[in-house]
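# Results of the structural survey
Chain residues, written in single-letter form:
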Amino acid sequence: QCCRDYIFFFFQAEDGIRDFCLSRGLGDVYKRQDQYRKVLLSYAEGKVLETGVGTSRNIQYYPVDCQVIGIDQSERMIESALTKPAHGLDISYRIMDVEQIQFKDNTFDTVVDTFGLDTYNNPTNVLNEIKRVCKPGGIILLLERGESQYHAYNIYQDFRVPKILHSEGYYANRRWDETISKDENLEVVKFERKTNGILYFYILKNKK
């Protein structure tokens, strides 16, 4: 929980920078990320679980006929999320450990995680929980930061990981090709790497 609370303070600062840049026609990185979120969330359907919901940056991109539950182990994150307008969306929030999700097996039609898996020490545990609560044939939507397509940049990122982890709370060099793309219980419906390959965009089907 302390890790997510720590990330919350970075979120607060980043939200201020983001709003300032966008209000002045700047912030191309944020604009691209918002577009990726919008496209990814357009695939959500039915009863949806969003893990590591944070301050609920995705709220405006869900189809309005979804029923969304957002979970995060940080109380501060949830308190901030509750201040966001729902835009007519049926959404609720719960304080919950994403590595021990307190829902029964096969509960959700869709599970979403954006920029969350890269903050956990053991993302495999989180992925296993996501697959458990997602219905067979259900949709899993992921947008995560990870290793680049460029070797030289990866050397630089490997060197910077301790600093990024301390200042921003995430692992910048995760190799999602090895953990997500090769998972036998996940069918890759769509996969793209964006922003020099450091953003991993996944639309998956749960094959369990």
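Our structure is the block above this text.
Everything in this summary refers to the structure shown in the same document. None of the values given here were measured: they were computed from a predicted structure.

A few words now on the packing of aromatic side chains. Two measures describe an aromatic ring pair: the distance that separates the ring centres and the angle between the ring planes. Counted according to the given criterion, the structure contains 3 aromatic pairs. Arranged with centres 5.1 Å apart and planes meeting at 90°, the rings of F103 and F108 form a pair that is edge-to-face. F108 carries the same exposure label as F103, and that label is buried. Between F191 and Y202, the ring centres sit 4.5 Å apart and the planes meet at 20°, which makes this aromatic pair stacked. Taken together, the positions of F191 in strand β6 (residues 186-194) and Y202 in strand β7 (residues 199-206) put the pair 11 residues apart, joining distant regions of the chain. Owing to a relative accessible area of 0%, Y202 belongs among the buried residues under this scheme.

Sheet architecture is open: 7 strands sit in the order β3-β2-β1-β4-β5-β7-β6, paired in mixed fashion. Strands at the two margins of the open sheet, each flanked by one partner only, are β3 (90-95) and β6. The mean inter-strand angle of the sheet, taken between neighbouring strand axes irrespective of direction, is 15°. When β6 meets β7, the two strands line up antiparallel, connected through 8 bridges. In the sheet register, F191 faces β7, and the bridge partner there is Y202. Packed on one face of the sheet, helix α4 (residues 123-133) meets β1 (47-51), β4 (108-114), β5 (134-145), β6 and β7 and runs near 145° to β5.

This part is about a nonpolar patch on the surface. On the surface, Y150, Y153 and Y156 cluster together into a nonpolar patch covering about 320 Å² of accessible area. Topologically, Y150 is positioned in the loop between β5 and α5 (151-168). Among the residues examined, Y150 registers a relative accessible area of 47% and is labelled partly exposed.

Under the defined criterion, the tally for this structure stands at 9 salt bridges. For the salt bridge of R132 with D105, the shortest nitrogen-to-oxygen distance reads 2.8 Å. Of the two residues, R132 is situated in helix α4 and D105 in the loop between β3 and β4; the sequence distance between them amounts to 27 residues. Under the relative-accessibility criterion, D105 is labelled partly exposed at 47%. With a closest N to O distance of 3.5 Å, E192 and K190 form a salt bridge. Through salt bridges with shared partners, a single network forms among D105, E129 and R132.

About the thresholds
Residues numbered from 1 in each chain as written. Predicted model: local features only at pLDDT ≥ 70, side-chain atom pairs only at ≥ 80, totals over all residues. Heavy atoms only, no water. Phe/Tyr/Trp six-rings, centres within 6.5 Å; stacked < 30°, edge-to-face > 60°. Buried < 20%, exposed > 50% of the residue type's maximum accessible area, 1.4 Å probe, protein only. Helix = DSSP H or I, 4+ residues; strand = E, 2+ residues; numbered from the N terminus. Pairing = 2+ DSSP bridges. Axes fitted to C-alpha atoms, helices over the stretch in contact; angles between N-to-C directions. Contact = heavy atoms within 4.5 Å. Patch = residues over 30% accessible without salt bridge, like charges linked within 9 Å, V, L, I, M, F, W, Y side chains within 5 Å. Areas by Shrake-Rupley, 256 points an atom, 1.4 Å probe, with all protein chains shown as cover. Salt bridge = Lys/Arg side-chain N within 4 Å of Asp/Glu carboxyl O.

This is a description of form; function is not addressed.
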